[in-house]
Amino acid sequence: MTLSPSLAANPLISSWLTIRADGTVTLRVGKAELGQGIHTALAQIAVTELGLSPDQLVVAPLSTAASPDEGFTAGSLSTQVSGAAVRAVGAAARRLFIEAAARRAAVPASSLTVVDGAIRTPEGEIVGSYSSLAAEVNLDVDTAGAVPAGAVPLAERPARSDLTRIDLPDKVFGRPRFIQDMELPGMVHARVIRPPLLRATLADIPEERLAGLPPAAWMVRDGDFLAVLADREEVADADAARLRGSAKWEPADDLPEESRLTSWLRDQRSETSVLAAGERGRPAPPGTRVSASYSRGLIAHASIATSCALARFDGRLLEVWSHTQGIFPLRAAIADALGLDKSDVVVYHVEGAGCYGHNPADDVAFDAALLACRTGGRAVRVLWDRAAELGSGPLASAMTADVTAVLGPDGSVRDWTYDVWSNGYNGRPGYAGNPGLLANGYRRGGRALPPSVDPPLASGLGSGRNAVPAYTVGSPRVATHRLLSMPIRTSAIRSLGAHFNVFAIESFMDELAAASGVDPLAFRLARLDDERARAVLLAAADAAGWGQPPGAADTGLGLGYARYKNTGAYCAAAAEVEARESVRVRRLVLAVDVGQVVNRDGVRNQIEGGAIQAASWTLKEQVRFGPDGITSLSWETYPVLRFSETPQVDVVVIGRPGYPSLGAGECTAGPVAGAIANGLFAAIGVRARTLPLTDQNVLRAIGLDPPEAVIP
Amino acid sequence: MPVFLINVNGEQARVDTEPRTSLLTVLRNDLGLKAAKFGCGQTLCGACTVWVDDRPVYACDLPVEAVGDGKVRTLESLGTESAPHPLQRAFVEGQAGQCGYCLPGIIMRAAAFLRDHPAPSRAEVAEALDPNLCRCGSQQRIVNAVLNAATEAAR
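Note that the structure is predicted; figures quoted are calculated from it, not measured. (Residues numbered from 1 in each chain as written. Chains lettered and ligands numbered in written order. Predicted model: local features only at pLDDT ≥ 70, side-chain atom pairs only at ≥ 80, totals over all residues.)

A. View of the overall build of chain A. For chain A, the helix and strand inventory stands at 19 helices and 27 strands. For 712 residues, the compact-globule estimate of 2.2 N^0.38 gives 27 Å, and the C-alpha radius of gyration of chain A, at 27 Å, lies within 12% of that figure. When its C-alpha atoms are laid out on the principal axes, chain A stretches across 80 × 75 × 50 Å. Across chain A, every contact between residues at least 6 apart in sequence was considered, and the portion connecting residues at least 24 apart equals 79%. (Helix = DSSP H or I, 4+ residues; strand = E, 2+ residues; numbered from the N terminus. Rg over C-alpha atoms; globule rule 2.2 N^0.38 Å. Contact = placed C-beta atoms within 7 Å.)

B. Expanded view of the overall build of chain B. What chain B contains, in helices and strands, is 5 helices and 5 strands. Along its sequence from the N terminus, chain B presents helices and strands in the succession β-β-α-β-β-β-α-α-α-α. Its C-alpha radius of gyration of 15 Å places chain B within 12% of the 15 Å reference for a compact globule of 155 residues. Its C-alpha atoms put chain B at 45 × 30 × 25 Å along the principal axes. Put simply, chain B has 155 residues, and 59% of those count as buried. Sequence-distant contacts, at least 24 apart, represent 60% of the contacts inside chain B between residues at least 6 apart. (Buried ≥ 20, exposed ≤ 12 C-beta atoms within 10 Å, placed from the backbone.)

C. Layout of the packing of helix 17 (residues 600-619) of chain A against helix 18 (residues 669-684) of chain A. Residue and element names in this part refer to chain A. Packing of helix 17 against helix 18 leaves a shortest axis separation of 8 Å and a crossing angle of 50 degrees. Classed by the angle they form, the pair helix 17 and helix 18 counts as oblique. The handedness of the crossing between helix 17 and helix 18 is right-handed. Contacts between helix 17 and helix 18 involve Gly610, Ala611, Ala614, Ala615, Thr618 and Leu619 on the former and, on the latter, Ala669, Val672, Ala673 and Ile676. Considering only residue class, the contact of helix 17 with helix 18 consists of 8 nonpolar, 2 polar and no charged. (Axes fitted to C-alpha atoms, helices over the stretch in contact; angles between N-to-C directions. Parallel < 35°, antiparallel > 145°, perpendicular 65-115°, else oblique. Left-handed = near helix turned anticlockwise from the far one by under 90°. Nonpolar A, V, L, I, M, F, W, Y, C, P; charged D, E, K, R; others polar.)

D. A look at the sheet that holds strand 1 (residues 17-19) of chain A. Residues and elements named next belong to chain A. Taken together, the 3 strands give an open sheet; going across it, the order is 1-2-3, and neighbouring strands pair in mixed fashion. Strands at the two margins of the open sheet, each flanked by one partner only, are strand 1 and strand 3 (57-59). The average angle at which neighbouring strand axes cross in this sheet is 20 degrees, direction not considered. Here helix 3 (residues 38-50) sits on the sheet and contacts strand 2 (25-27) and strand 3; the angle it forms with strand 3, its principal contact strand, is near 150 degrees. (Pairing = 2+ DSSP bridges.)

E. Summary view of unusual backbone geometry. Residue A:Pro692 follows A:Leu691 across a cis peptide bond; omega there is 0 degrees. With respect to the secondary-structure elements, A:Pro692 resides in the loop between strand 27 (690-691) and helix 19 (695-704). The phi dihedral of A:Ser495 falls on the positive side, at around 80 degrees, and the residue is not glycine. Here A:Ser495 is to be found in the loop between strand 20 (477-483) and helix 14 (498-516). Even without being glycine, B:Gln95 reaches a positive phi, approximately 50 degrees. Residue placement: B:Gln95 occurs in the loop between helix 2 (86-93) and helix 3 (103-116).

F. Focus on the domain arrangement of chain A. All names here are of chain A. Domain annotation of chain A identifies domain 1 (5-170), domain 2 (179-252 + 307-383) and domain 3 (399-425 + 462-704). Across the contact, 18 residues belong to domain 1 and 20 residues belong to domain 3. Elements with a contribution of two residues or more to the side of domain 1 that touches domain 3: helix 3 and helix 4 (78-105). Considering only residue class, the side of domain 1 that touches domain 3 consists of 7 nonpolar, 9 polar and 2 charged. (Domains from an automatic or database assignment.)

G. Up close: the packing of helix 11 (residues 327-338) of chain A against helix 12 (residues 361-372) of chain A. Residues and elements named next belong to chain A. Orientation of helix 11 relative to helix 12, taken along the N-to-C sense of each, is 45 degrees, at an axis distance of 11 Å. Classified by the angle between their axes, helix 11 and helix 12 sit oblique to one another. Pair helix 11 / helix 12 crosses with right-handed handedness. On the side of helix 11, the interface is formed by Leu330, Ile334, Ala337 and Leu338, while helix 12 contributes Asp362, Ala365, Phe366 and Ala369.

H. Geometry of the confidence of the model for chain A. Residues and elements named next belong to chain A. In the predicted model, chain A carries a mean pLDDT of 93, and 96% of its residues have values of at least 70. Note that pLDDT drops below 50 for residues 149-157; the model gives that stretch 11 contacts with residues more than four away or on any other chain. In the predicted structure, residues 706-712 sits below a pLDDT of 50 and forms 14 contacts with residues beyond four places in sequence or in another chain. (pLDDT = per-residue confidence, 0-100.)

I. Representation of the pairing of strand 13 (residues 288-296) of chain A within the structure. Residues and elements named next belong to chain A. Here strand 13 runs beside strand 18 (residues 399-407); their pairing, made up of 9 bridges, is antiparallel. Looking at strand 18, one finds that Ala292 is bridged to Val403. Strand direction decides the pairing type here: strand 13 and strand 27, joined by 2 bridges, are parallel. Pairing of Ser295 across the sheet is with Thr690, part of strand 27.

J. Spatial organisation of the environment of B:Asp30. Residues and elements named next belong to chain B. Looking at the element boundaries, Asp30 is found in helix 1 (residues 23-30). Each C-alpha atom of the pair Asp30 and Arg14 lies 9.0 Å from the other, and the pair is 16 residues apart in sequence. Residues in contact with Asp30, not counting those within four places in the same chain, are Val15 and Thr17.

K. Structural detail: the confidence of the model for chain B. Scored by pLDDT, chain B has a mean of 97; 100% of the residues are at 70 or more. For this predicted complex, the interface score ipTM comes out at 0.98, alongside a pTM of 0.96.

L. A look at the interface of chain A and chain B. Each partner contributes to the interface: chain A provides 43 residues, whereas chain B provides 48 residues. Mapped by element, the contributors of at least two residues to the side of chain A that touches chain B are helix 7 (168-172), helix 9 (233-246), helix 17 and strand 26 (648-653) of chain A. Looking at the side of chain A that touches chain B, the element that brings in the most residues is helix 17 of chain A, giving 8 residues. The class makeup of the residues in the side of chain A that touches chain B is 16 nonpolar, 16 polar and 11 charged.

M. Main features of the sheet that holds strand 10 (residues 225-230) of chain A. Residues and elements named next belong to chain A. Reading across from one edge, 9-10-7-17-14-15-16 is the order of the 7 strands in this open sheet, with mixed pairing throughout. With partners counted over all chains shown, the strands left at the sheet margins are strand 9 (217-222) and strand 16 (345-349), one partner each. Strand-to-strand twist of the sheet, defined as the mean angle between neighbouring strand axes without regard to direction, takes the value 25 degrees. Examined bridge by bridge, strand 9 and strand 10 share 6 bridges and lie antiparallel to one another. Each bridged residue has a counterpart across the sheet, and for Met219 the counterpart in strand 10 is Val228.

N. Expanded view of the domain arrangement of chain B. Residues and elements named next belong to chain B. As assigned here, chain B comprises domain 1 (3-77) and domain 2 (86-154). Relative placement of domain 1 and domain 2: their C-alpha centres are 21 Å apart. The partner domain 2 presents 12 residues to the 14 residues of domain 1 that form the contact. Secondary structure elements with two or more residues in the side of domain 1 that touches domain 2: strand 3 (49-52) and strand 4 (55-58). Here the side of domain 1 that touches domain 2 gets 3 residues from one element, more than from any other, and that element is strand 3. For the side of domain 1 that touches domain 2, the residue count by class is 9 nonpolar, 2 polar and 3 charged.

O. Summary view of the environment of A:Ser634. Tracing the chain through its elements places A:Ser634 in the loop between strand 25 (629-630) and strand 26. Residue A:Ser634 is classed as partly exposed on the basis of its 17 C-beta neighbours within 10 Å. In the structure, A:Ser634 is positioned 332 residues away from A:Ala302 in sequence and 9.6 Å away in space, judged by C-alpha atoms. Excluding residues that lie within four positions of it along the chain, A:Ser634 makes contacts with A:Arg386, A:Ala387, B:Cys40, B:Gln42 and B:Leu44.

P. Focus on helix 3 of chain A. Residues and elements named next belong to chain A. With 13 residues, helix 3 should reach 18 Å at 1.5 Å per residue; the first-to-last C-alpha distance of 18 Å fits that figure. Counting buried residues in helix 3 gives 13 out of 13 residues, a clear majority hidden from the surface. Positive phi appears at Gly51, one or two residues downstream of helix 3, with a value of about 75 degrees. (Expected span 1.5 Å × (residues − 1).)

Structure, rendered in structure tokens:
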């Protein structure tokens, strides 16, 4: 088993665990609870490895002052990376305690076991415990040194029965737990007045507005950064509304025309990355060339809460409370932007609503940090409003792709080429050598946000994530074209480019199957060598009733498959789609293989949630904009899937005991999109190549646009 | 500032604020009741749902002056961990939630709905919850939990 990068960066057991004389154990991790249940899964691993009962362990809230640095909580890597570290640390600590007990009792260590924190002989005699030995066992040792090579592979230790979510009772019983619920003594409420565009300058605030601010509120301006502060939240709100109405902004960028977004993406200067070289220069193989173009608009994270942060500065130490995905990168970015030493900034993580990627959590934290330096030591709480949450935070880029392949007379697929155009998928704090914090671009002397970039192959790529097909299609040529300008701000959203790329590839596979006159399931299976891939595809098709006649008129079943990042979890989706007045998904079946399952219900919950959110993106979601900026600024103009529109979701988990655990949070996005588009085709024979599948886009696919797949 | 006397969770509360201040702000900031959440401030997501005189309302859009002598109830008064409302028990048992930010509003709306519709169909529950949004994709678990709570209450 390779060493977890989290463990390589934080090798000491004591970085992760504190074991006290009263027998309680504190687990510190660097991965944040984002509503995905990761702290429950990591607690489960820890109690399993240590031999504790669940109530003997608490997971500490994250802070840069105490937690191991595990970078960002992103990319479906927490169970894989942090889980492996916690497993190793737990096993190492357990071994040290067993050895100490064995020395005391003069019995062989190999005969001892730990149950509920008590160390027992085979006869059941208790010869020590975590509490009784806490004072004598030194945990300031390297984890790797405490677990000898050749020990039983860690993944083989059986997991305890599932823990239930440790954070859920607070939420169900209404106890304060979210950052939005947090108060600091004497805190002041702040609201930021933002321009409608990413780049704009504050031309004017009418003087009478300045004079008209009631004494209960005051204003802070730094360059083009403008905020109001007040003792009472409703006063800050009312004043921000008035100020928004009177502030005049000069746009510094031209936005593309919304109706020409796809061609605009192709026309911009871009950086090409070849992900698979293909066989250029060889003559085209014999057969029929099939081509198609696909596209998707921008998507918003659209958290159900609006982003919030608190900060306090005593003249030396800056403390920031944030629902960020990366406390350490955020600390570095804030220190960089404000010219502070990193050691004088502490970032504490407090749970927020689900973020689904790089939402405004980091931006609002910097708003609070900036303002805390201007309040004479008073704590500041900043809350964004719904319009800012939907329009001023990073978005998922619009994307468009061209795919072609040659169907050979022998049924082979050759000469596959895939080109995708997109803005970058990573503008996280510090990622491109820039603090990457929204307000910093508006401050006097601040640095504007650079165009977002794409993560490298080792991190699973960005716009190119899952752009290389998993199927046997000769030597494909795959290239991404990342835009070098960014008039609309983009960054990471759950699955990055995989939602769109898998939609395009899976749609195209169905188009090839149709052109070949072969069943889409059989067509895929004939081109998948990986047994685990075939297993999820067959399981989803089987559970969905593939091959049986549709249950109702105008309904059809579609399939989608991908291995997330081509290295992560295997996922196949089957969608039962009904197309009458509108496109509706009646049922989704997901079959997944995430390696060894840590928490079975946790996996199911992530798969269900990921699938429903992906259905929402695929069916409904599209950020709207005009010349003056983003216009989809409320739930009316940015609709998401509602309860009565939610499909039935069935999940099949294929267990793989002994295999490395793989993250479950993002693997459904692409397969669900492909399955829905293919289900629409199966239902009414319409190939929709533009997402979302709104009435307008489906009507275009039916009549206003000629079919783009050309079979000469 | 004017003074308002409002009845919240069975107790009289005194609040000094402007008449247009929302009930949500008063509950959260003046009375320290943090269960009801701010989600949009436009009555479009339901995160702020509480009861006034046993009916679900959007607290984000209700000025405190309009509460009058209406009896306000929030999730804090619905049940406790030792004596949970059937819905709270069903949500925990069914692990019905991911981030959980939407749950206080959803549970309050569902509790009012179940009082009037003790044996609803799946489709009726989904339609009743349509004013509330869940972004994590927990809709199926939430509907299951409401149906399970109805079954339990009928026993």
